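Survey of secondary and tertiary structure
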Amino acid sequence: MEKTSPLPKKPGSSSFFSKSKARLLGKLAPGLANNQIDSMLLIPKAADSKTVRLPRGFEQYVIKTSDGKLQAYSTGRGPSVVFVHGWGGGAHQFFPLMRGLARCGFSSLAFDQLGHGLSDRKPATLQQSIASCNFVLNQVRKADDGLCAAVGHATGCIAIANANPEFLKDLPLFLIAPIFNYKLYFLKRLVNLGLPADVVKQYANRFSKTYRSEYHKLELASKLASYADVTAIAHDESDSESAVADSIDFCNKYPPTRLMVTKDTDHVRVINSESVWQELKKHLNYDDTTINFTMEIMGG
């Protein structure tokens, strides 16, 4: 997809133009309309980027890549766990888990993908997410304490599974609410923009062609199969953005994968649930269960 500049913001609107203008633009200048939709999808609005309140004991710094600057956050000492957020998320989503791991003798690093949070405002394509993930994993594995695990959420799970196999060899992977059907997920996000049906159809047809040539080979299931014996998945049964049935189907097909189905959270809140915390520690072979995550970490 072509790189574009962030859209001008319009207060109280999720779209940069009215539906009538969108339809007219789609007819008169379909290329421009596609570029603008790319920006709406791949560069979250600046108003949605949270002003991060840095928890005590965290460091904030910039990781420079050839594609742009990534805002990164780290805490703790010991073997390193890298956290990779999904489309529309941010590093801040993992702060509670990172605080907890610091108490357990691990160090953690999370970063804002390009187009997200405080990183450079560039389109966050799936390919770009994979490239950034690769860069960070490689940096961490070369550090003194080394890389001991990777944790992903949503499309961040796809980024991890598509990382350099050399980086993932025997590496524990912990995937939260993974996206197994990227095409469906992308099209849902497109529909949620609220654009006219004919504009959506035109863009969806364009994406479907791109999907066949560029995205199909990146789908999670085909990549994750090679890492089934080192992978654990946590998925909430009420997740409306990513079907828990997809995780169940994958684990039935590849039994070495460990699956934990949670209840009464959702696609995002599951990240920092007590059950995910306990499962993450188990996956890292950390047996101490004395830390009450909900009370001591989330409430602290």
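Just above, that's the structure.
Anyway, here's the lowdown on the structure attached to this text.

Analysis parameters
Residues numbered from 1 in each chain as written. Predicted model: local features only at pLDDT ≥ 70, side-chain atom pairs only at ≥ 80, totals over all residues. Heavy atoms only, no water. Buried < 20%, exposed > 50% of the residue type's maximum accessible area, 1.4 Å probe, protein only. Helix = DSSP H or I, 4+ residues; strand = E, 2+ residues; numbered from the N terminus. Pairing = 2+ DSSP bridges. Contact = heavy atoms within 4.5 Å. Expected span 1.5 Å × (residues − 1). Polar contact = N/O pair within 3.5 Å; in protein donor to acceptor, adjacent residues only side chain to side chain. Salt bridge = Lys/Arg side-chain N within 4 Å of Asp/Glu carboxyl O. Core = buried A, V, L, I, M, F, W, Y, C linked by side-chain atoms within 4.5 Å.

1. What to know about the pairing of strand E5 (residues 147–153)
Burial analysis of E5 places 7 of its 7 residues in the buried class, which makes it a mostly covered element. Bridge count for strand E3 (residues 80–84) against E5 is 5 bridges, and the pairing is parallel. Counterpart to Phe-83 in the pairing with E5 is Val-151. Relative to strand E6 (residues 173–176), E5 is paired through 4 bridges, and the arrangement is parallel. Across the sheet, Val-151 pairs through a bridge with Phe-174, a residue of E6.

2. A short note on the environment of Phe-174
In this structure, Phe-174 sits in strand E6. Along the chain, Phe-174 and Ile-160 lie 14 residues apart, while their C-alpha atoms are 9.8 Å from each other. Apart from residues no more than four positions distant in its own chain, Phe-174 is found in contact with Ala-150, Val-151, Gly-152, Ala-232, Ala-234, Val-276, Glu-279, Leu-280 and His-283.

3. As for helix H4 (residues 126–142)
For H4, spanning 17 residues, the distance from its first C-alpha to its last is 25 Å, which sits close to the expected 24 Å at 1.5 Å a residue. Among all positions in H4, only Leu-126, Gln-128, Ser-129, Ile-130, Ser-132, Cys-133, Asn-134, Val-136, Leu-137 and Val-140 are buried.

4. Quick look at the environment of Arg-189
Relative to the elements of secondary structure, Arg-189 occurs in helix H7 (residues 182–191). Since its relative accessible area comes to 25%, Arg-189 is described here as partly exposed. For Arg-189 and Glu-241, which are 52 residues apart along the polypeptide, the C-alpha to C-alpha distance reads 9.5 Å. At a separation of 3.5 Å, a polar atom in the side chain of Arg-189 contacts the main-chain carbonyl oxygen of Trp-87.

5. Description of the environment of Val-199
Along the polypeptide, Val-199 turns up in helix H8 (residues 197–215). Remark: the alpha-carbon pair of Val-199 and Ile-37, spanning 162 residues in sequence, is separated by 9.6 Å.

6. Points about the pattern of salt bridges
Counted under the stated rule, the structure contains 5 salt bridges. Between Asp-38 and Arg-206 there is a salt bridge, with the nearest N and O atoms lying 3.4 Å from each other. With a gap of 168 residues between them, Asp-38 in helix H2 (residues 30–42) and Arg-206 in helix H8 connect regions that are remote in the sequence. Taking the relative accessible area as the measure of exposure, Asp-38 reaches 1% and is therefore buried. For Arg-206, a relative accessible area of 24% puts it in the partly exposed group. A salt bridge links Glu-279 to Arg-258, with the nearest nitrogen and oxygen atoms 2.6 Å apart. Note that Glu-279 is positioned in helix H11 (residues 274–283) and Arg-258 in strand E8 (residues 258–262), a separation of 21 residues in sequence. Each member of the salt-bridge network shares a partner with another, and the members are Arg-258, Glu-279 and Lys-282.

7. Description of the nonpolar core
With 56 residues, the main nonpolar core has Leu-41, Leu-137 and Leu-224 as its most contacted residues. Among the elements that line this core, the one with the most residues is H8, at 7 residues. The contact partners of Leu-137, leaving out residues within four places of it in the chain, are Val-82, Leu-147, Ala-150, Ala-163, Phe-167 and Leu-168.

8. Points about unusual backbone geometry
The phi torsion at Ala-154 lies on the positive side, around 55 degrees, for a residue other than glycine. Mapped onto the elements, Ala-154 comes out in the loop between E5 and helix H5 (155–161). Not every positive phi belongs to a glycine, and Ala-177 is a case in point at roughly 45 degrees.

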